[in-house]
2 protein chains.
Amino acid sequence: MAETVTVEMVAHEARVSTATVSRIINGSGKVSARRRKQVMDAIEKLGYRPNLLAQSLARGQSMNVGVLTQDMASPFFGQMHQGIEQGFQGSGYHPIFVSEEWQDDKQHAALEVLLSRRVDALIVLGGYIEDDVLLELSGQLPLVTVGREVKGLEGSLSLDNEQGGYLATRHLLDLGHRQIACLAGPDTHYDAVDRMAGYLRAFQESDVPLQRDLVIDALFSEEGGVRATERLLKSGKHFTAVFACNDQSAIGAQLALQRHGKRIPQDVSVVGFDDLPSSAFVYPPLTTVRQSAKLLGQAAAAAVICKLEGKTFAPSRLELKLMVRESTGPVSHMPTHTSIPQQVEQQVAGSSRPRKVRLRMG
Amino acid sequence: MAETVTVEMVAHEARVSTATVSRIINGSGKVSARRRKQVMDAIEKLGYRPNLLAQSLARGQSMNVGVLTQDMASPFFGQMHQGIEQGFQGSGYHPIFVSEEWQDDKQHAALEVLLSRRVDALIVLGGYIEDDVLLELSGQLPLVTVGREVKGLEGSLSLDNEQGGYLATRHLLDLGHRQIACLAGPDTHYDAVDRMAGYLRAFQESDVPLQRDLVIDALFSEEGGVRATERLLKSGKHFTAVFACNDQSAIGAQLALQRHGKRIPQDVSVVGFDDLPSSAFVYPPLTTVRQSAKLLGQAAAAAVICKLEGKTFAPSRLELKLMVRESTGPVSHMPTHTSIPQQVEQQVAGSSRPRKVRLRMG
DNA sequence: CTGTTAGCGCTTTCAA
DNA sequence: TTGAAAGCGCTAACAG
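Please read these numbers as outputs of a predicted model, since none were measured by experiment. (Residues numbered from 1 in each chain as written. Chains lettered and ligands numbered in written order. Predicted model: local features only at pLDDT ≥ 70, side-chain atom pairs only at ≥ 80, totals over all residues. Heavy atoms only, no water.)

**Here we look at the protein's contact with DNA strand D**
Working step 1: The environment of DNA strand D is made up of 26 residues, and the closest members are Arg23, Ser32 and Arg35 of chain A together with Val7 and Tyr48 of chain B.
Working step 2: Protein-adjacent atoms of DNA strand D, using a 4 Å cutoff, are sugar or phosphate at a proportion of 71%.
Working step 3: Ser17 of chain A is positioned with one of its backbone polar atoms (N or O) 3.1 Å from a phosphate oxygen of DNA strand D.
Working step 4: Asn51 of chain B is positioned with one of its backbone polar atoms (N or O) 3.2 Å from a phosphate oxygen of DNA strand D.
Working step 5: Mapped by element, the contributors of at least two residues to the surface near DNA strand D are helix H2 (18–26) and helix H4 (52–59) of chain A together with helix H2 (18–26) and helix H4 (52–59) of chain B.
Working step 6: Its residues placed into classes, the surface near DNA strand D shows eleven nonpolar, ten polar and five charged. (Near = heavy atom within 4 Å. Polar contact = N/O pair within 3.5 Å; in protein donor to acceptor, adjacent residues only side chain to side chain. Helix = DSSP H or I, 4+ residues; strand = E, 2+ residues; numbered from the N terminus. Nonpolar A, V, L, I, M, F, W, Y, C, P; charged D, E, K, R; others polar.)

**Examining the protein's contact with DNA strand C**
Working step 1: Looking at DNA strand C, there are 25 residues lining it, with Val7 and Tyr48 of chain A together with Arg23, Ser32 and Arg35 of chain B nearest.
Working step 2: Taking the atoms of DNA strand C that fall within 4 Å of the protein, sugar and phosphate contribute 67% of them.
Working step 3: Within the backbone of Asn51 of chain A, a nitrogen or oxygen atom sits 3.2 Å from a phosphate oxygen of DNA strand C.
Working step 4: For DNA strand C, a base oxygen lies 2.5 Å from a polar atom in the side chain of Arg23 of chain B.
Working step 5: Broken down by secondary-structure element, the contributors of at least two residues to the surface near DNA strand C are H2 and H4 of chain A together with H2 and H4 of chain B.
Working step 6: Considering only residue class, the surface near DNA strand C consists of eleven nonpolar, nine polar and five charged.

**Focus on the interface of chain A and chain B**
Working step 1: Residue-level contacts link 54 residues of chain A with 54 residues of chain B.
Working step 2: Counting the surface lost from both chain A and chain B, the interface buries some 4,800 Å², and carbon and sulfur atoms represent 56% of this.
Working step 3: Where Glu112 of chain B meets Arg49 of chain A, a salt bridge forms, and the shortest distance between an N and an O atom there is 2.7 Å.
Working step 4: The interface formed by chain A and chain B contains 18 residue pairs in polar contact (both at pLDDT 80 or more).
Working step 5: Broken down by secondary-structure element, the contributors of at least two residues to the side of chain A that touches chain B are H4, helix H5 (75–88), strand S2 (94–99), helix H6 (104–116), helix H10 (222–235) and helix H11 (247–259) of chain A. (Contact = heavy atoms within 4.5 Å. Buried area = accessible area lost by both parts, 1.4 Å probe. Salt bridge = Lys/Arg side-chain N within 4 Å of Asp/Glu carboxyl O.)

**Notes on the pattern of salt bridges**
Should the charged atoms of two oppositely charged side chains come close, the side chains can pair.
Residues and elements named next belong to chain A.
Working step 1: In this structure the tally under the stated criterion is 34 salt bridges over all chains.
Working step 2: The closest approach of N and O atoms between Asp41 and Lys37, which form a salt bridge, is 2.7 Å. Of this pair, Asp41 and Lys37 both sit in helix H3 (residues 33–46), separated by four residues, roughly a single helical turn.
Working step 3: Across the salt bridge formed by Arg195 and Asp274, the nearest N and O atoms sit 3.4 Å from each other. Remark: Asp274 occurs in strand S9 (residues 269–274) and Arg195 occurs in helix H9 (residues 190–205); sequence separation between them is 79 residues.
Working step 4: You can call Arg195 buried: its relative accessible area is 1%.
Working step 5: Through salt bridges that share partners, Asp131, Arg148 and Lys151 make up one connected network. (Buried < 20%, exposed > 50% of the residue type's maximum accessible area, 1.4 Å probe, protein only.)

**Remarks on the sheet that holds strand S1 (residues 64–69) of chain A**
Residue and element names in this part refer to chain A.
Working step 1: If you walk across this open sheet you meet the five strands as S2-S1-S3-S4-S5, and the pairing is parallel. Two strands in the sheet have a free side with no partner beyond their single neighbour: S2 and strand S5 (156–157).
Working step 2: As paired strands, strand S3 (residues 121–125) and strand S4 (residues 143–146) are joined by four bridges and run parallel to one another. Along S4, the bridge assignment pairs Leu122 with Leu143.
Working step 3: Packing of H5 onto the sheet brings it into contact with S1, S2, S3 and S4, and relative to S3 it is tilted by some 160 degrees. (Pairing = 2+ DSSP bridges. Axes fitted to C-alpha atoms, helices over the stretch in contact; angles between N-to-C directions.)

Structure, rendered in structure tokens:
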């Protein structure tokens, strides 16, 4: 601990007051060139490094932004984290991550970790914390939520998941599919619910009847995707395509399908949602709705910085678009499950163009 | 800011001194039950929450541990991060992540972020920071490195990557493969180099001649795996198996192989390294060397806590084992590339049993 | 057991 | 421009 160099030591070495040293460090106030040099030299010589903790206490600003996240290991959240970190790059602020791991009982503790560290702002990535808690919190510090809307709170960032679900389903419909299974995510996830809503709308807008029994829970995980698909397969229900509400479950679906001898996309088409970095490399490369989690993260950081500096945030438009790859194709005329011949109505594929999607900001 | 409740206010409310409040908060010193209740009530009533920044300054401990990482979005690092966070759970310490993204120029800034925040200890996950810098740092605070050895520094945590590479290759050799391609990682990654060393040793120990031209760079990424495999395929060189030095490149290899009409494992076997969460769900499920990044992270946290508390760390043994799944199988007697008939010598598969591997701790 | 009183390292009036 | 001094919120001797 003899290592600790303080302003006082620097001031002494440079034969000036601590106030002067402080001014130089922070670039506040005017200081003569001569003193500046003296101080810089002293800093150099002593190897001084400002103690951010002390600065924080004195200034009442920690320069830290809390990020309440769900899963440090998830490929999707990981991208958001990366975006957030990059977004704060060079701003002086730094994100502090704490994950509640989708557990009710961890939220409070997680929040406590952040609050006791006096974070200057909060970014909330999904999660179960009650809206009113968030709302109250937002009265105390800048708060930005991602992937969930909080009524009465301005500053929630999210993509139009409903539209994404619509895009994906519409793509399948346009390819002539009529029996489209849906691997739903947990209904506690806002995203999951919205995506499925898009799936429903696509059917409503078409003349294709929706088969409710083709909608099945898959938990947003690979494992869940496998299980759900196997259940579907075993049930003997006929389907020629599946829309998985996230890429992880889509990959699980692909595995289950292929294991049961189904060819993708000849026998069954699959479309996912997220466009994880690895989704372009699975076999076959997955058609999916791209939402750039990284950009979302960057936008969140930008929003926070704006709020912190009292500026208004001009939401940049984040694109949500369908990446058509090799896991989807036109419906086959050969039914795979039942022997009932089908009427196939091939629609114009071009009609499912990707659309730009607005980024909702309160 | 009228929100800020301080010890002083609590003390006043409870009609005691700040020292007493402090004692209660920290459980230090003896306090009568009556005062304790008074104080607890006051804390409750005022909604007091200790300011960790102030505590840190006063105690000279930030309760934060810096984690110098490489990639917030990588599935592999993500797992380590998760393990680290879990490892600190309940210890009062919290990890602060900052990633240098494998960039030379970011290291210094990254370290600065941590040091100015006065972290109590440092966990270094790979990276390019010079050994001597690390060594000097370790003189100032507890320092644990993961995935890289620093000479002269006691407290580096790593799995026996060499052994893992050996295990993987040996498995292939045991299945009768003789032409085994190796998709190498960047030679700047310690892990990558060690894994390949294991590949080499497996050949040396067998009577199978090593074909140097079957070793090719794949950059540890899916994209790199695809490219490398395609180069291999185009070169016309004969091979019946590939050992990819990480799962990401293995998945890329699988894609390239399947796109070129190769069946896995009938035509070509593939084995990876890492056992990422998704590796069991790609098609076909990947045979790979499991190294539990999460456990590694937990171990790192545990090591740090021990050092911080002056205890000696009893390294728990982390298992490194081969997960045999569906991407590997016995060599086929039908050569796929050349028309030269081969001698196939099927060895006893059982001889490549997984071995426990020591966790190296200085 | 409990209160007084110095700091921890830095910023920021307020005067000079 | 510059310096003196009063905190920021909390802890930790040191006396009682």
